[in-house]
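# Architecture at a glance
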Amino acid sequence: MLICRCCLLLILVGEWCVISVDSHSNIMEYRKIISDAWALTQNSKRLIIWFGFIPAIFTTIVAVGMILYQYIAFKNSPFFGAQEGIYRDIFIFIWDYITGHTNIIIPIIIVGIFFAIFYLLYPILAKATAIQIIARKRNGQSLSLGDGLKYAFGTFLPLLQYKLLVATFSVLTIVNEVSVVVRNFGPGTLTFMLPLFGLILIAGLVMTLLFTYAEFFIVIDREDVFTSIRKSTRLVIYNWKHTFLVTLLMLLIGLRIVIQALVVFLLPAVILFISGYIATLFSIVPAVIVGVILGLIVLIMTAYLNGIVDVFSYSVWTFTFLELTEQEEVAARSKVESKEA
């Protein structure tokens, strides 16, 4: 919790410095949004566990697996002079293991299917549920986790469609594409294709900014995907001054990504190093046991920290969305009272 409080302090200081260029009332408004969001996060332990911590476990495990895959793929690619690709080695290893342990084929398949379904579907459902509960609590409604999950099911498919639509322009997708090009065609091809990847990355960042509120239109207002995208773009453009707040929130999300990235990179290295050292002193069995225990401890700590940051981010974005959508647009023909009056 100390790390989370330090992060909140940095955010509040940055918020005060940036928003101080605006009026006093706006300062209090933005500070109140962040303060209320943090208060809700602190008082929502079950929300953190079920819709922050558990999804973070699956995403962290997959992230660690992807880093290991990238390392092995680069090590066994023509980029480092390897003659045969990694896919042939993986296929041979899996086939030899299955033929030698036929009694565990069905359990492995069941566990794999269960994990794949949860990884692909549960984080989306968890985010929709968290937004529903946070929005209704903001408006004074009393809602249980089960009721929030019930309302989230109604917006799950549109939210899934939106995720699939924007996944092509995500930073992770672009990084994977760059790694494939480098591994198989060398740095020279990457230099040639770098402008294309740069344009895709810029387009992805612009889309991320313009589509900031698309998920909230889907979950809270139950709009379809393209209507939500259109309304989000309009809301961002018409409230461009709130770019300051959006920038700070993106820094918050970036902080979570940095923390997770550090753990993802360091976790396999630390576990392999300690396990290898123990194996040299004793045997392979104690090394595996120690490696598994250390991995579980670090995984749980990382997932819980990410769960706190996720719920806090959902709260700030939800409160901001509700505040902006409650403001009525003033038409050109509308008459308003003068400030003197």
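Residues numbered from 1 in each chain as written. Predicted model: local features only at pLDDT ≥ 70, side-chain atom pairs only at ≥ 80, totals over all residues. Heavy atoms only, no water.

## What to know about the overall build of the protein
Cut-off, in case you're wondering: Think of it this way: any DSSP run of H or I at least four residues long counts as a helix, any run of E at least two long counts as a strand, and we number them from the N terminus. We call two residues in contact when some of their heavy atoms are within 4.5 Å.
The helix and strand tally for the protein stands at 13 helices and zero strands. For the protein, the α and β elements follow one another from N to C terminus as α-α-α-α-α-α-α-α-α-α-α-α-α. Within the protein, residue pairs in contact and separated by at least 24 positions form 74% of the contacts whose partners lie at least 6 positions apart.

## Side note on the packing of aromatic side chains
Convention followed: The rule is short: rings of Phe, Tyr and Trp, with Trp giving its six-membered ring, pair when the centres are within 6.5 Å, and they are stacked under 30 degrees, edge-to-face over 60, tilted in between. A 1.4 Å probe rolled over the protein chains alone gives each residue an accessible area, and that area as a share of the maximum for its type sets the label: buried under 20%, exposed over 50%, partly exposed in between.
Taken as a whole, this structure holds 10 aromatic pairs when the rule is applied. Ring plane angle 45 degrees and centroid distance 5.3 Å describe the contact between F58 and F115, whose orientation is recorded as tilted. Here F115 lies in helix α5 (residues 105-138) and F58 lies in helix α3 (residues 45-75), a separation of 57 residues in the sequence. For F58, a relative accessible area of 11% corresponds to the buried category. Both rings, one in F114 and one in F118, keep their centres 4.5 Å apart while their planes meet at 35 degrees; by these two values the pair is tilted. Taken together, the residues F114 and F118, both in helix α5 and four residues apart, mark about one turn of the helix. An aromatic cluster of three or more residues is present, and its members are F58, F114, F115, F118 and Y122.

## Quick word on helix α11 (residues 225-238)
Worth spelling out the cut-off: Multiplying one less than the number of residues by 1.5 Å gives the expected span of a helix. By the criterion applied in these results, polar contacts are pairs of N or O atoms within 3.5 Å in which, for protein atoms, one can donate a hydrogen and the other can accept it, and in which residues neighboring in sequence qualify only through two side-chain atoms.
Taking 1.5 Å of rise per residue, the 14 residues of α11 would be expected to cover 20 Å, and the 20 Å separating its terminal C-alpha atoms lies within 8% of that figure. Within the span of α11, buried status applies to V225, T227, S228, I229, S232, T233, L235 and V236. Sitting at the amino-terminal end of α11 is D224, which places a side-chain oxygen 3.2 Å from the backbone nitrogen of F226.

## A few points about the pattern of salt bridges
Basically, it comes down to this: Salt bridges are counted wherever a side-chain nitrogen of Lys or Arg sits within 4 Å of a carboxyl oxygen of Asp or Glu.
This structure, assessed with the given rule, holds six salt bridges. Residues E215 and K127 are paired through a salt bridge, measuring 2.7 Å at the closest nitrogen-oxygen approach. Separated by 88 residues along the polypeptide, E215 in helix α10 (residues 214-219) and K127 in helix α5 bring together distant segments of the chain. Here E215 falls in the buried class, since its relative accessible area comes to 8%. Put simply, K32, D36, R138 and E323 are held in one network by salt bridges that share partners.

## A word on the nonpolar core
Using the following cut-off: Among the buried residues, those of types Ala, Val, Leu, Ile, Met, Phe, Trp, Tyr and Cys that are joined through side-chain atoms within 4.5 Å form a nonpolar core.
L47, F51, I133, I134, F312 and F319 are the most contacted members of the largest nonpolar core, which has 26 residues in total. Elements with a minimum of two residues in this core: α2 (24-42), α3, α5 and α13 (284-326). Not counting residues within four places of it along the chain, the set of residues in contact with I134 comprises L40, L47, V311, Y314, S315, T318 and F319.

## Examining the packing of α5 against helix α7 (residues 156-166)
Just so we agree on the cut-off: Here the axes come from fitting lines to C-alpha atoms, over the contacting stretch only for helices, and the angles between their N-to-C directions go from 0 to 180 degrees. Here is the rule for handedness: rotate from the far helix to the near one, and if that takes an anticlockwise turn smaller than a right angle the crossing is left-handed, while a clockwise turn gives right-handed. In the scheme used here, Gly and all other residues not listed as nonpolar or charged are polar, with Ala, Val, Leu, Ile, Met, Phe, Trp, Tyr, Cys and Pro taken as nonpolar and Asp, Glu, Lys and Arg as charged.
Put simply, α5 and α7 touch, their axes get as near as 10 Å, and they point 120 degrees apart. The handedness of the crossing between α5 and α7 is right-handed. Contacts between α5 and α7 involve L121, I124, L125, K127 and A128 from the first element and F156, L159, L160 and K163 from the second. Each residue belonging to the contact of α5 with α7 can be placed in one class, and the counts come to seven nonpolar, no polar and two charged.

## What to know about a nonpolar patch on the surface
Our working definition: Patch construction takes residues with relative accessible area above 30% that form no salt bridge. Like charges are linked within 9 Å, and nonpolar side chains (Val, Leu, Ile, Met, Phe, Trp, Tyr) are linked within 5 Å. Residue exposure ignores everything except the shown protein chains as possible cover, and the areas themselves are Shrake-Rupley values with a 1.4 Å probe.
On the surface, I109, I113, I117, L120 and L121 cluster together into a nonpolar patch covering about 450 Å² of accessible area. Its location among the elements puts I109 in helix α5. Take I109: its relative accessible area is 46%, and that puts it in the partly exposed class.

## Considerations on the environment of I34
Structurally, the position occupied by I34 is in helix α2. Look at I34 and you get buried, because its relative accessible area is 2%. Considering only alpha carbons, one finds I34 and S313, 279 residues apart in sequence, at a separation of 9.5 Å.

## Quick notes on the confidence of the model for the protein
Stated formally: pLDDT gives the predictor's per-residue confidence on a scale running from 0 to 100.
Predicted confidence across the protein gives a mean pLDDT of 77, with 70% of residues reaching 70 or more. When pLDDT is averaged over each element of the protein, α10 comes out on top at 95 and helix α1 (residues 2-19) at the bottom at 43.

## Considering unusual backbone geometry
Unusually for a residue other than glycine, R222 sits at a positive phi of about 55 degrees. Examined against the element boundaries, R222 turns out to sit in the loop between α10 and α11.

## Observations regarding the packing of α3 against helix α8 (residues 171-185)
Describing two packed helices takes the angle between their axes plus the distance from one axis to the other. Going by this rule: In these notes the angle categories are as follows: under 35 degrees is roughly parallel, over 145 is roughly antiparallel, 65 to 115 is roughly perpendicular, and the rest is oblique.
Two elements in contact, α3 and α8, have axes whose closest approach is 10 Å; the angle formed by their N-to-C orientations is 15 degrees. Judged by the inter-axis angle, α3 sits roughly parallel to α8. Regarding α3 and α8, the two cross each other, and that crossing is left-handed. Of the residues in α8, those touching α3 at M66, Y69, Q70, A73 and F74 are L172, N176, S179, V182 and R183. Residues of the contact of α3 with α8, tallied by class, amount to six nonpolar, three polar and one charged.

## Points about helix α9 (residues 187-210)
Since the α-helix advances by 3.6 residues per turn, residues separated by three or four positions end up pointing in the same direction. Where we set the bar: Here the bend at a residue is taken as the angle between two axes, fitted respectively to the seven residues that end there and the seven that start there.
With 24 residues, α9 ought to run about 34 Å at 1.5 Å a step, and its terminal C-alpha atoms sit 33 Å apart, in line with that. The largest bend in α9 amounts to roughly 55 degrees and is located at M193, with the proline P195 lying one to four residues further along. Those residues of α9 lying buried are L190, F197 and G204. Check the buried side of α9 and you find it contacts α8.

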